[in-house]
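Here are the chains, one letter per residue:
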Amino acid sequence: MEKIRIITDSASDITGATNPLLTVLPMRINFGDEEYLDGVTISHHEFYEKLVESDTLPVTSLISPAVFEEAFDKAVCDGEKVIVITISGRLSGTYQSAVLAAAQFEGNVFVVDSQNAAIGEQILVNYALELAENGMPVKELVQTLNDARKHIHILALLDTLEYLKKGGRISKTVAFVGGALSIKPVVTVTDGEVALLGKARGSKNGNNFLIKEIEKINGVDFDRPFCLGYTGLSDALLQKYIEDSKALWAEYTDTLPICSIGATIGTHVGPNAIAVAFFDKE
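Because the structure is predicted, anything quoted here is derived from the model rather than measured.

(A) Broad picture of the side chain of Asp9. Here Asp9 shows up in strand S1 (residues 4-9). This buried residue, Asp9, is left without a salt bridge; Arg149 holds the nearest opposite charge, at 12 Å. Leave out the neighbours within four places in its chain, and Asp9 touches Val24, Leu25, Met27, Ile63, Ile85, Thr86, Ile87, Thr94 and Glu121.

This is the structure in structure tokens:
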């Protein structure tokens, strides 16, 4: 049976990885002159503490080809075939870095653009690990992942427009009006890019919006990985959403996988956002 190594970037928000088949390479985060390695020298909790105190947005940097090359070389020397799953190539140059590095390892390293980010990327990584552990050959696994990524949905409810304003993605006027009216944007990832799905007034309506969107998609495929996520220092808003949406989950599972969403997405949406990522029922 082929030995397979799955490599991903920290934009997948996988922290404390214990699966022996998985390697997570950290993105770099800069707060002014201070540089950190995502999930290594700065935790998600520490990141949000700094984010709320900072007047300017931090900057996240792609993973260089040299970093990928070092990881590939180690795996190939250990007799492993490598599948790299990256954040969407439309959101970061990390995918292109991986492709450049992989060119030196033809036949041994395969790069998959998740066309997603955060927990949307994470569930594709977890699916890859399941398939690898079940002995699927590497080329079949790559094709399966390229097909499966089309069936991933990520829906996120933002608590504030402030960070979109700081990042220059909306005007100060729109942010002010949205804040005054308690407007909660709902975003998704479409064709590898973040897109506005709709707007809700207040958290309760926002939770209902997410529930209806999941129902429109025909629900969650519970035979494949899914995940719920939150940004910031507390998961209180996510727990409220889970309570409001329990009819979606209660019949199928007793335990919901929950994780914090880190710097790559958190920089742009700010704290107190909640998100759901899942495969649809093909």
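(B) Seen up close, the nonpolar core. Counting residues in hydrophobic clusters, the biggest one holds 38 residues, and the most contacted among them are Ile6, Ile83, Ile85, Ile119, Leu124, Leu141 and Leu145. Secondary-structure elements contributing two or more residues to this core are S1, strand S6 (81-86), strand S7 (109-113), helix H4 (118-133), helix H5 (138-148), strand S8 (152-157), strand S9 (183-190) and strand S13 (274-279). Here Ile85 is in contact with Ile6, Ile7, Thr8, Asp9, Val112, Ser114, Glu121, Leu124, Val125, Ala128 and Leu145, once residues within four sequence places are set aside.

(C) Focus on the packing of aromatic side chains. Counted under the stated rule, the structure contains ten aromatic pairs. Note on Phe72 and Phe105: the rings are 5.9 Å apart at their centroids and 85° apart in plane angle, and the pair reads as edge-to-face. Highlighted residues: Phe72 in helix H2 (residues 65-77) and Phe105 in the loop between helix H3 (94-102) and S7, separated in sequence by 33 residues. Since its relative accessible area comes to 10%, Phe105 is described here as buried.

(D) How the structure looks around the side chain of Ser114. Relative to the elements of secondary structure, Ser114 occurs in the loop between S7 and H4. For Ser114, the side chain forms a polar contact with the main-chain nitrogen of Asn116, separated by 3.1 Å. In this structure Ser114 touches Ile85, Thr86, Ile87, Ser88, Glu121, Leu124 and Arg149, once residues within four positions along its chain are discounted.

Rules used throughout
Residues numbered from 1 in each chain as written. Predicted model: local features only at pLDDT ≥ 70, side-chain atom pairs only at ≥ 80, totals over all residues. Heavy atoms only, no water. Helix = DSSP H or I, 4+ residues; strand = E, 2+ residues; numbered from the N terminus. Buried < 20%, exposed > 50% of the residue type's maximum accessible area, 1.4 Å probe, protein only. Lys, Arg positive; Asp, Glu negative; His and termini not counted. Salt bridge = Lys/Arg side-chain N within 4 Å of Asp/Glu carboxyl O. Contact = heavy atoms within 4.5 Å. Core = buried A, V, L, I, M, F, W, Y, C linked by side-chain atoms within 4.5 Å. Phe/Tyr/Trp six-rings, centres within 6.5 Å; stacked < 30°, edge-to-face > 60°. Polar contact = N/O pair within 3.5 Å; in protein donor to acceptor, adjacent residues only side chain to side chain.

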